[in-house]
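Now for the letters of each chain:
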Amino acid sequence: MLIVMRDHASLQEIEHVVDHLHSAGAETHLSQGEVKTVIGVIGERELIYTLDMEGFAGVAEVIRVLKPYKLVGRDFQAEDTVVRVGSAEFGGGAFGVIAGPCSVESSEQMRSVAASVKAVGASMLRGGAYKPRTSPYAFQGMGLDGLKLLREAGDAAGLPVVTEILDVRDAEVVAEWADVLQVGARNMQNFMMLEELGKMRKPVLLKRGLSATIEEVLSSAEYVLKGGNRDVILCERGIRTFETYTRNTLDLAAVAAFKVLTHLPVIVDPSHATGRRDLIAPMCRAAVAAGADGLIVEVHPDPEHAKCDGPQSLDVPMFAALMDGMDARVALEGKHL
Ligand code: PEP
Ligand code: MN
């Protein structure tokens, strides 16, 4: 950390800052010019992040050179983390495709979609039982009954299942029924929940917050790894911008950036990113080219009658068309389905 003092800061102000740093256990190195003084601060990351020096008299600027995360960084672990869930794999050359409806609606819907997506190469089934809806009057999901239907459909088709955990109080019950626990965009910075998931031994699918920076996503993932759970898959699902034609703006540069910054697998959700079924296939192709380790796509057997996110859901033939040739596209990037 660098502390830049105001021009002509008094000796007293400089000493006060240095004394505070020393008493906190940090080491300091002064660079003193006639006008400007810069204090270099060295210490453990945990210590540096507790030092709030901005409010001290004479301090002009505090520059943190350390990243706010450690365990998720490539500096800490150079080789890719591979998250394995049954036969599904993400990272280290493995490309996984998660497919299924936005929300679990019935046994028939889940069983038919599970069998259909499995037949064309999906490696995991999705389906929300607890839905984070903007309006409290919108369909909120089937809850525990939905979890059971998701599990049954996954087992019948031979697919592991992922579902969203909306509240830390549901952690145990969701973990009992699902193979992967999804943290939705709206909960990306629910730090209590992330800490709880860190203690669990189920992989976590962490979706990027609606307005979260790349560093904030990685910092949230750090909470889970810090708790001891190394199996985190990051998901770029679009961010809020001024654009309204699409539901969100798919930030593919973030995918490439994540691949540089972290060893964790990164997947792309073109469904929530675009909100439009006609844009799903091109964005999937772009995601593969950007270096993604997988996709999560909403597929519904009858999108027109979906209780949630019908306009962005592919029907089964559209998903089959998307998967046709996917292995070759993925192979071009040196990966395998
Ligand atoms: C979802 O995947 O169903 C979902 C609600 O996504 P997000 O949290 O990215 O909005
Ligand atoms: Mn949805």
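What you see is a predicted model, and the numbers here were worked out from it, not measured in a lab. (Residues numbered from 1 in each chain as written. Chains lettered and ligands numbered in written order. Predicted model: local features only at pLDDT ≥ 70, side-chain atom pairs only at ≥ 80, totals over all residues. Heavy atoms only, no water.)

**Considerations on the packing of aromatic side chains**
Reasoning step 1: As enumerated under the stated definition, the model contains one aromatic pair in all.
Reasoning step 2: Judged by centre distance (4.7 Å) and plane angle (25 degrees), the ring pair of Phe-191 and Tyr-223 falls under stacked. On the criterion of sequence distance, the pair formed by Phe-191 in helix H6 (residues 191-199) and Tyr-223 in helix H7 (residues 214-226) is long-range, its members being 32 residues apart.
Reasoning step 3: A relative accessible area of 31% places Tyr-223 in the partly exposed class. (Phe/Tyr/Trp six-rings, centres within 6.5 Å; stacked < 30°, edge-to-face > 60°. Helix = DSSP H or I, 4+ residues; strand = E, 2+ residues; numbered from the N terminus. Buried < 20%, exposed > 50% of the residue type's maximum accessible area, 1.4 Å probe, protein only.)

**Points about the site of ligand 1**
Reasoning step 1: Taken together, Arg-126, Lys-131, Pro-132, Glu-164, Gln-182, Gly-184, Ala-185, Arg-186, Lys-207, Arg-237, His-272 and Glu-298 make up all the residues around ligand 1.
Reasoning step 2: Within the side chain of Lys-131, one N or O atom sits 2.9 Å away from an oxygen atom of ligand 1.
Reasoning step 3: Within the side chain of Arg-237, an N or O atom sits 2.6 Å from an oxygen atom of ligand 1.
Reasoning step 4: For ligand 1, the protein covers 97% of the area, taking 300 Å² as the surface of the free molecule. (Near = heavy atom within 4 Å. Polar contact = N/O pair within 3.5 Å; in protein donor to acceptor, adjacent residues only side chain to side chain. Areas by Shrake-Rupley, 256 points an atom, 1.4 Å probe, with all protein chains shown as cover.)

**Description of unusual backbone geometry**
Reasoning step 1: A positive phi angle, close to 55 degrees, is found at His-8, a residue other than glycine.
Reasoning step 2: One can find His-8 in the loop between strand S1 (2-5) and helix H1 (11-24).
Reasoning step 3: Given a relative accessible area of 60%, His-8 falls into the exposed group.
Reasoning step 4: The residue Asp-309 is not glycine, and still its phi comes out positive at about 60 degrees.
Reasoning step 5: Take Asp-309: it is sitting in the loop between strand S14 (294-298) and helix H11 (316-323).
Reasoning step 6: Under the relative-accessibility criterion, Asp-309 is labelled buried at 16%.

**Overview of the coordination of the manganese ion (ligand 2)**
Reasoning step 1: At this site the manganese ion (ligand 2) is bound by Cys-102 (SG), His-272 (NE2), Glu-298 (OE) and Asp-309 (OD), with donor distances of 2.0 to 2.4 Å.
Reasoning step 2: Going along the chain, you hit the donors of the manganese ion (ligand 2) in the pattern C-x169-H-x25-E-x10-D. Remark: His-272 occurs in helix H9 (residues 270-274) and Cys-102 occurs in the loop between strand S7 (96-100) and helix H3 (107-119); sequence separation between them is 170 residues. (Donors = N, O, S within 2.8 Å, 3.2 Å for Na, K, Ca; no water.)

**What about the sheet that holds S14?**
Reasoning step 1: Here eight strands make up a closed barrel; going around it, the order is S7-S8-S9-S10-S11-S12-S13-S14 and the pairing parallel. Each adjacent strand pair in this sheet contributes to an overall mean axis angle of 25 degrees, direction not counted.
Reasoning step 2: Pairing of S7 with S14 involves five bridges; the strand directions are parallel. Bridge pairing links Ala-99 to Val-297 in S14.
Reasoning step 3: Contacts between H6 and the sheet are confined to strand S10 (180-183) and strand S11 (204-207), with S10 contributing the most and set at about 165 degrees to the helix.
Reasoning step 4: Where H7 meets the sheet, it contacts S11 and strand S12 (232-236), and its direction lies at approximately 160 degrees from that of S12. (Pairing = 2+ DSSP bridges. Axes fitted to C-alpha atoms, helices over the stretch in contact; angles between N-to-C directions. Contact = heavy atoms within 4.5 Å.)

**Examining the sheet that holds strand S4 (residues 59-63)**
Reasoning step 1: Reading across the sheet, the four strands line up as S2-S3-S1-S4 and stay open at both edges, with antiparallel pairing between neighbours. Either end of the sheet is taken by a strand with one partner, and the two such strands are strand S2 (27-32) and S4. Put simply, the sheet's adjacent strands are angled 20 degrees from each other on average, direction ignored.
Reasoning step 2: Pairing between S2 and strand S3 (residues 37-42): six bridges, direction antiparallel. Residue pairing across strands places Ser-31 opposite Val-38, the latter belonging to S3.

**Notes on a nonpolar patch on the surface**
Reasoning step 1: Together, Leu-2, Ile-63 and Val-65 make up an exposed nonpolar region whose accessible area comes to about 230 Å².
Reasoning step 2: Turning to its location among the elements, Val-65 is positioned in the loop between S4 and strand S5 (83-85). (Patch = residues over 30% accessible without salt bridge, like charges linked within 9 Å, V, L, I, M, F, W, Y side chains within 5 Å. Salt bridge = Lys/Arg side-chain N within 4 Å of Asp/Glu carboxyl O.)

**Here we look at H3**
Reasoning step 1: Between its first and last C-alpha, H3 extends 18 Å over 13 residues, near the 18 Å set by a 1.5 Å rise per residue.
Reasoning step 2: Along H3, the positions that sit buried rather than exposed are Gln-109, Met-110, Val-113, Ala-114 and Val-117. The arc that holds every buried residue of H3, seen down its axis, measures 120 degrees, which confines them to one face. Exposed positions of H3 whose direction lies more than 90 degrees from the buried face are Glu-108 and Ala-119.
Reasoning step 3: Those residues of H3 that are buried are in contact with S7, strand S8 (124-126), helix H4 (144-157) and H11.
Reasoning step 4: One or two residues past the end of H3 sits Gly-121, with phi positive at roughly 110 degrees. (Expected span 1.5 Å × (residues − 1). Arc of directions from axis to C-beta.)

Nothing here speaks to function; it is geometry throughout.
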